[in-house]
Amino acid sequence: ILAWESALESSVAALAGNAAVGFLAQTFFGYNLEEAKKKFHEGGSDPNNAHALGKAIAITAVPPWSICLVCYIVLHWAYRRDKDRLARSVGSIGSSSCSSSSGSSSGSLTSAKE
């Protein structure tokens, strides 16, 4: 499951992440591509374009990771409860099978647990 999650995350990031940064930088934060080309050929940089790119990268990184943080917090909180619930259900299955079976098979079940 982690391999699928990682593959999906990386694929979406590769396909949508770069396009989203460019779109946000140009549309909302004032990145000027022509100015960037001119400055690049002159060997300089434009601080306004750098700030626009920084803001766009922050917008595409911080909200998704904040959502992941919330999900991981919920998983961390739920893990112990799920683990205890599983232990109780396995324990109740083991005890009901021991009491309903014959003495020889319950002895083998007990030795398997030890």
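Residues numbered from 1 in each chain as written. Predicted model: local features only at pLDDT ≥ 70, side-chain atom pairs only at ≥ 80, totals over all residues. Heavy atoms only, no water.

When you look at the overall build of the protein in this model, what are you seeing that I'm missing?
The helix and strand tally for the protein stands at four helices and zero strands. Reading the protein from its N end, one meets helices and strands in the order α-α-α-α. With 114 residues in all, the protein has 11% of them scored as buried. Across the protein, every contact between residues at least 6 apart in sequence was considered, and the portion connecting residues at least 24 apart equals 45%. (Helix = DSSP H or I, 4+ residues; strand = E, 2+ residues; numbered from the N terminus. Buried < 20%, exposed > 50% of the residue type's maximum accessible area, 1.4 Å probe, protein only. Contact = heavy atoms within 4.5 Å.)

What is the right way to look at the nonpolar core in this model?
Of all hydrophobic cores here, the largest spans seven residues; its members are V21, L24, A25, Y31, A36, A52 and A56. Elements with a contribution of two residues or more to this core: α1 (2-27) and α3 (47-100). Element by element, the count of residues in this core is highest for α1, at three residues. If sequence neighbours within four positions are ignored, A56 has contacts with V21, L24, A25 and F29. (Core = buried A, V, L, I, M, F, W, Y, C linked by side-chain atoms within 4.5 Å.)

Explain the pattern of salt bridges to me, please; I cannot follow it from the model alone.
The final tally for this structure, using the stated rule, is two salt bridges. For the salt bridge of E35 with K38, the shortest nitrogen-to-oxygen distance reads 3.8 Å. Taken together, the positions of E35 and K38, both in helix α2 (residues 33-42) and three residues apart, correspond to about one turn of that helix. Take E35: its relative accessible area is 21%, and that puts it in the partly exposed class. As a salt-bridge pair, R85 and D82 come within 3.9 Å of each other at their nearest N and O atoms. Taken together, the positions of R85 and D82, both in helix α3 and three residues apart, correspond to about one turn of that helix. The class for D82 is partly exposed, based on a relative accessible area of 38%. (Salt bridge = Lys/Arg side-chain N within 4 Å of Asp/Glu carboxyl O.)

Teacher, can you tell me more about the environment of L24 here?
Position of L24 among the secondary structure elements: in helix α1. Its relative accessible area of 15% is what places L24 among the buried residues. A C-alpha to C-alpha distance of 8.5 Å links L24 and K55, two positions 31 residues apart in sequence. Contact partners of L24, with chain neighbours within four places excluded, come to F29, A56, I59 and T60.

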